[in-house]
Amino acid sequence: MTDQPTPPTRDFIREIIAGDLASGKHAGVVTRFPPEPNGYLHIGHSKSICLNFGVAAEFGGRCHLRFDDTNPTKEEMEYIEAIQRDVRWLGFDWGEHGYYASDYFEQLYEWALDLIRAGKAYVDDLSADEIREHRGTLTEPGRHSPYRDRSVEENLDLFERMRAGEFEDGTRVLRAKIDMASGNINLRDPVLYRILHATHPRTGDAWCIYPTYDYAHGQSDAIEHITHSLCTLEFEDHRPLYDWFLDNLPVPSRPRQIEFARLNLSYTVMSKRLLLQLVREGIVSGWDDPRMPTISGMRRRGFPPESLRLFSEKVGLAKRDSVVDVALLEHCVRDVLNRAADRRMAVLKPLKVVITNYPEGEVEELPAVNNPEDPAAGSRMVSFSRQLFIEREDFMEAPPKQFFRLAPGREVRLRYAYLITCQEVVKDGSGEIVELRCTFDPATRGGNAPDNRRVKATLHWVSSAHAVPAEVRLYSHLFNRPDPGADGDFRDDIDPASLEALRGCRVEPALAGLPVESRVQFERQGYFCVDPDSTPERPVFNRTVTLRDTWAKIQAKGEADR
């Protein structure tokens, strides 16, 4: 992998791992990223991916990719393939260490039999609602199931018949026998297996009982000899159960679960359930809609993988959940693209300009810098002719005091070209401005006047005869408040103006035919990416981020206030 961010400073997880290696507890480091294939990965997962693969690489170890495919009713091969694609795109590779919880179904079943034989698991006939009622509350202990004291022989018989498919869905479960009075509700006889007559994406109809995540998770870690099982904070209360299984089963290794704060982002929802709702209700165009916080959506929007890795580094690791300002993510995107993206000129809302004193039919090729941040990027030639397009918002017929762009009688600079002065405004029958007639100063080629006179504005432009028609999609935050759904239905906070599609744009020829996902800066506009809908005849660009960096301003204000 190339272009990795600077190695992060030592955090509490890296301190623990370093200590384990120094003490000889482990000879090497093995981590894992264990997604459930029931949806697309989002920005929160990218933090976990960067952490698990990152610490493994830093300590000379390895990271496994393991799919927690224990619920066949929600899992699809589409999600598995998308997850693999996203992890690789982020710059990580699991090599030969790609696994599935379903690889261990037989072993997990055998260990469940061991628990039954040891009197530590039983088959329960209570319904899901009845189990919930018996579980108790945070202040009241749970109550024993009337089936808790079945004999080992009866439990073995019933569990084997569950596997054989003799019973209907929901009629029986296998539960661990731990402590119904425990202050940790997760230890109140948790469910290990449930009956699901559903076809599994990998094992087909070989199984009709499936292990729960709590049961499969730690044992899968142990089978793979994971040394450090890194989880988000919602699993902290599950750690005693994780350890109970390791204590009571003949597992081949002893992994350690360590929790860190999950990533929450302003103006964003992270719940897979809510994201799936957005997709199914057609509120967004799909999982890769550029307004989605999914990795595939951010990729389509134009976020470079380096920016997500940089963001994960800057966010760091904590032991308390918090909300990160989305402006920090956008700052990381700008930081990467400012150095990497070539500059191009694109006019999104064109206004025709005729240079009346420029010769008819003449075309000049003018040099234009590709990237001022990267001298090695070189330059390109842009065509200049008598008829041009500028941005409609770059002209005002009666400008206010602070408007310095083009106006009647005012001189401005055309980027890489000449100084021009507006001489005449042409309107249609409705009074709308349709054309500006301007003159240019031939002595100002390149944009500088021999007499050193100054202008207060520089405009981007394209030659009308050479420009390529394009569609430009202006994306902003999907939600119009930083905490969507805080006061009710999260859908009420959707910004109806989060996408503006402009179909009359004109871009310079160098932007035609770029490969999908190519990233560029439209000068004075923002950073943009070639969308998969693009064709050579009709390129389509997505706005990645604007040029304005609100995070930098927040940081600067914070420094000033100190």
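Keep in mind that what you see is a predicted model, and the values were worked out from it rather than measured.

The next point concerns the overall build of the chain. Assigned secondary structure in the chain consists of 13 helices and 27 strands. Across the 562 residues that make up the chain, the buried fraction comes to 52%. Pairs at least 24 apart in sequence give 71% of the contacts found in the chain among residues at least 6 apart. When the 73 positive and 89 negative side-chain charges of the chain are each reduced to one mean point, those points stand 5 Å apart.

Glancing now at the pairing of strand β24 (residues 499-507). Across two bridges, strand β13 (residues 346-347) lies against β24 in antiparallel orientation. Residue Val347 lies in a different strand from β24, and its bridge partner there is Arg506. Here strand β23 (residues 468-475) runs beside β24; their pairing, made up of seven bridges, is antiparallel. Within the sheet, the bridge partner assigned to Val468 lies in β24 and is Val507.

Now for helix α4 (residues 105-117). In this model α4 runs 19 Å from its N-terminal to its C-terminal C-alpha over 13 residues, within 8% of the 18 Å that 1.5 Å per residue would give. Where α4 is concerned, the buried positions are Phe105, Leu108, Tyr109, Trp111, Ala112, Leu113, Leu115 and Ile116. Backbone geometry just downstream of α4 places Gly119 in the positive-phi region, at approximately 75 degrees.

Now for helix α9 (residues 272-280). Listed as buried for α9 are Leu274, Leu275, Leu276, Gln277 and Leu278. Along its buried surface, α9 packs onto α3 (77-89). Its side-chain oxygen 3.2 Å from the backbone nitrogen of Arg273, Ser271 forms the N-cap of α9. At the exit of α9 stands Gly282, carrying a positive phi of roughly 70 degrees.

Summed over all chains, the structure comprises 22 aromatic pairs. On the numbers, 6.1 Å between centres and 80 degrees between planes, the contact of Tyr79 with Trp287 is edge-to-face. With a gap of 208 residues between them, Tyr79 in helix α3 and Trp287 in the loop between α9 and α10 (295-301) connect regions that are remote in the sequence. Owing to a relative accessible area of 8%, Trp287 belongs among the buried residues under this scheme. Their ring planes at 65 degrees and their centres at 5.9 Å tell us that Tyr109 and Trp207 sit as a pair that is edge-to-face. Note that Tyr109 is positioned in helix α4 and Trp207 in the loop between β6 (191-195) and β7 (209-211), a separation of 98 residues in sequence. Exposure class is identical for Tyr109 and Trp207. Each is buried. Site record: aromatic cluster; members linked through ring pairs are Phe105, Tyr109, Phe159, Tyr193, Trp207, Tyr210, Tyr215, Trp244 and Phe245. A cation over a ring is seen here: Arg163 above Tyr109, with NZ or CZ 4.6 Å from the ring centre. Above the face of the Phe12 ring, Lys319 is positioned so that its terminal group lies 4.7 Å from the ring centre.

Below, the discussion takes up the packing of helix α1 (residues 12-23) against helix α2 (residues 43-58). One can describe the packing of α1 onto α2 by two numbers: an axis separation of 11 Å at closest approach and a directional angle of 40 degrees. Judged on the interaxial angle alone, α2 and α1 are oblique. Considering only the axes of α1 and α2, their crossing is right-handed. Where α1 abuts α2, its residues Ile13, Arg14 and Ile17 lie against Leu51, Val55 and Glu58. Here the contact of α1 with α2 is built from residues that sort into four nonpolar, no polar and two charged.

One finds Ile43, Ile49, Val87 and Phe311 to be the most contacted residues of the largest nonpolar core, which totals 38 residues. Those elements that place two or more of their residues in this core are α2, β2 (62-67), α3, β10 (263-265), α10, α11 (305-315) and α12 (326-340). It is α12 that provides the largest number of residues to this core, a total of seven residues. If sequence neighbours within four positions are ignored, Ile43 has contacts with Leu263, Leu265, Met270, Pro293, Met298, Leu308, Phe311 and Leu329. Core analysis: the second largest hydrophobic core is formed by 36 residues, Tyr104, Trp111, Leu196 and Ala222 among them.

A word on the confidence of the model for the chain. Mean pLDDT over the chain works out to 95, with 96% of the residues at or above the 70 mark. Every residue in residues 1-5 is under pLDDT 50, and counting partners more than four places away or in other chains gives twelve contacts.

Let's shift gears to the pairing of strand β1 (residues 30-33). Side-chain positions along a regular strand alternate between the two faces of the sheet. In β1, alternate side chains face the same way, and those of Val30 and Arg32 on one face and Thr31 and Phe33 on the other are all buried. The pairing of β1 with β2 spans four bridges and is classified as parallel. Residue pairing for β2: Val30 is matched across the bridge by Arg62.

Attention shifts here to the sheet that holds β2. By way of backbone hydrogen bonds, the strands of a sheet pair with one another, either parallel or antiparallel. As summarised here, the arrangement of the three strands in space is β1-β2-β3, forming an open sheet in which the pairing is parallel. Looking at which strands have only one partner, the edges of the open sheet turn out to be β1 and β3 (98-100). Mean inter-strand twist for the sheet, computed between neighbouring axes without regard to direction, equals 35 degrees. Pairing of β2 with β3 involves three bridges; the strand directions are parallel. Within the sheet, the bridge partner assigned to Leu65 lies in β3 and is Gly98. Along the sheet, α3 makes contact with β1, β2 and β3, crossing β2 at roughly 160 degrees.

As a further point, take the sheet that holds strand β14 (residues 350-355). Taken in spatial order, the seven strands of this open sheet run β21-β18-β19-β20-β14-β17-β22, and their pairing is mixed. Lying at the two open borders of the sheet, with one neighbouring strand each, are β21 (458-459) and β22 (462-463).

When you line up the elements, Phe235 lands in the loop between β8 (228-232) and α8 (239-248). Along the primary structure Phe235 and Phe105 are separated by 130 residues, whereas in three dimensions their C-alpha atoms are 22 Å apart. Non-local contacts of Phe235, meaning those with residues more than four positions away in its chain, are made with Tyr213, Gln257 and Glu259.

Thresholds, definitions, all that
Residues numbered from 1 in each chain as written. Predicted model: local features only at pLDDT ≥ 70, side-chain atom pairs only at ≥ 80, totals over all residues. Heavy atoms only, no water. Helix = DSSP H or I, 4+ residues; strand = E, 2+ residues; numbered from the N terminus. Buried < 20%, exposed > 50% of the residue type's maximum accessible area, 1.4 Å probe, protein only. Contact = heavy atoms within 4.5 Å. Lys, Arg positive; Asp, Glu negative; His and termini not counted. Charge placed at Lys NZ, Arg CZ, Asp CG, Glu CD. Pairing = 2+ DSSP bridges. Expected span 1.5 Å × (residues − 1). Polar contact = N/O pair within 3.5 Å; in protein donor to acceptor, adjacent residues only side chain to side chain. Phe/Tyr/Trp six-rings, centres within 6.5 Å; stacked < 30°, edge-to-face > 60°. Lys NZ or Arg CZ within 6 Å of the ring centre and 35° of its normal. Axes fitted to C-alpha atoms, helices over the stretch in contact; angles between N-to-C directions. Parallel < 35°, antiparallel > 145°, perpendicular 65-115°, else oblique. Left-handed = near helix turned anticlockwise from the far one by under 90°. Nonpolar A, V, L, I, M, F, W, Y, C, P; charged D, E, K, R; others polar. Core = buried A, V, L, I, M, F, W, Y, C linked by side-chain atoms within 4.5 Å. pLDDT = per-residue confidence, 0-100.

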